[in-house]
Amino acid sequence: DWILTGKEFVDKNDLSYPFEERGLQFGDGVYEVIRIYEGEYYLIDEHVERLYRSAAAIKIDVPFQKQELYAHLHELLNKNSVRNDATMYLQLTRGSAPRDHAFPLNTEANLYAYVKDFARDTDSLEEGASAITMEDIRWEWCYIKSLNLLPNVLAKQNAKELGAKEAILHKDGMVTEGSSSNIYLVREGKVYTHPATKRILGGCVRMKIEEFCKEADIPFIEEAFRIEDFKGADEVFMTSSTSEVQPLTKVDEVTIGDGRPGPVTRKLQASYEKDAGITGTA
Ligand code: PMP
């Protein structure tokens, strides 16, 4: 396996990672996960734009021009002969320097990127999955895709221990997003989701959902809803690069609709599959 480190490709086995690294010691960095279908990146422009936005928000200079980064990311797929479904993980940190909270001087950002096989979870996409709700205890700048994921890790683990696929986070009862996804509620044919404020990560798939809704004349309403609203929901779903458009058929003890993925979710799944050029579960 070839790993992109800075501007070079290194065999996975020869990779050494500096211990005094700000990503490791402070979570001082940002990341992206990009979906790959049959050897092609999906939504790469959206992810690259967000990477630069996240980096700028925490004052990290990306040591690449965008065109150069694109070239390296494509080379990463070529070097690894990626032809199947996979994900690419990329992280950019403030660099390696003696430990000190303040930014180091004259230190270049570290970039690492690698590819991993990743199959679609078609059973779950067809059948739906369950979610639990939890208080959103994260910081105020969730629009930055930061490496600091401890609250998200703890939330996801709690969901897993309770047999659920996702933890839906709420601030004082207002649903923000999932531990690693955006959350939507469908009622009377309208799609509701938290506005893309600093409180949530503006998902790349979320941007697409807005577009798919517009194309299909489905009202896309950026209005926060409350956890109590799940009781009156016709459908609930979540989106992310790894989970795609995932129906949620149970939230805590509440069965959503008739407990099966609903028509609006199905339609958006079909739009996603068409856009990504993949064959359908919807
Ligand atoms: N919110 C959070 C907290 C996430 O970690 C993710 C996954 N990156 C998302 C939303 C969805 O983002 P995207 O659609 O870009 O994968």
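Criteria and thresholds
- Residues numbered from 1 in each chain as written.
- Predicted model: local features only at pLDDT ≥ 70, side-chain atom pairs only at ≥ 80, totals over all residues.
- Heavy atoms only, no water.
- Helix = DSSP H or I, 4+ residues; strand = E, 2+ residues; numbered from the N terminus.
- Rg over C-alpha atoms; globule rule 2.2 N^0.38 Å.
- Buried < 20%, exposed > 50% of the residue type's maximum accessible area, 1.4 Å probe, protein only.
- Contact = heavy atoms within 4.5 Å.
- Areas by Shrake-Rupley, 256 points an atom, 1.4 Å probe, with all protein chains shown as cover.
- Lys, Arg positive; Asp, Glu negative; His and termini not counted.
- Charge placed at Lys NZ, Arg CZ, Asp CG, Glu CD.
- Pairing = 2+ DSSP bridges.

Novice: Is there a simple way to think about the overall build of the protein in this case?
Specialist: From N to C terminus, the protein includes seven helices and 15 strands. Computed over its C-alpha atoms, the radius of gyration of the protein comes to 19 Å, within 12% of the 19 Å expected for a compact globule of 282 residues. Referenced to the eigenvectors of the C-alpha coordinate spread, the extents of the protein come out at roughly 55 × 40 × 35 Å. In the protein, which comprises 282 residues, the proportion classed as buried is 51%. Across the protein, every contact between residues at least 6 apart in sequence was considered, and the portion connecting residues at least 24 apart equals 72%. Within the structure as shown, the protein displays about 13,800 Å² of accessible surface, and the carbon and sulfur contribution to it stands at 49%. The average position of the 34 basic charges and that of the 48 acidic charges among the side chains of the protein differ by 2 Å.

Novice: What should I look at first to understand the pairing of strand β10 (residues 182–187) in this one?
Specialist: The side chains of a regular strand alternate between both faces of the sheet. With five of six residues buried, β10 is to be regarded as a mostly interior element. With four bridges connecting them, β10 and strand β11 (residues 190–193) associate as antiparallel partners. In the strand pairing of β11, Val186 is matched with Val191. Between β10 and the antiparallel strand that follows it, β11, lie two residues; Glu188 among them carries a positive phi value of about 45 degrees.

Note that all results are geometric; they support no functional claim without further evidence.
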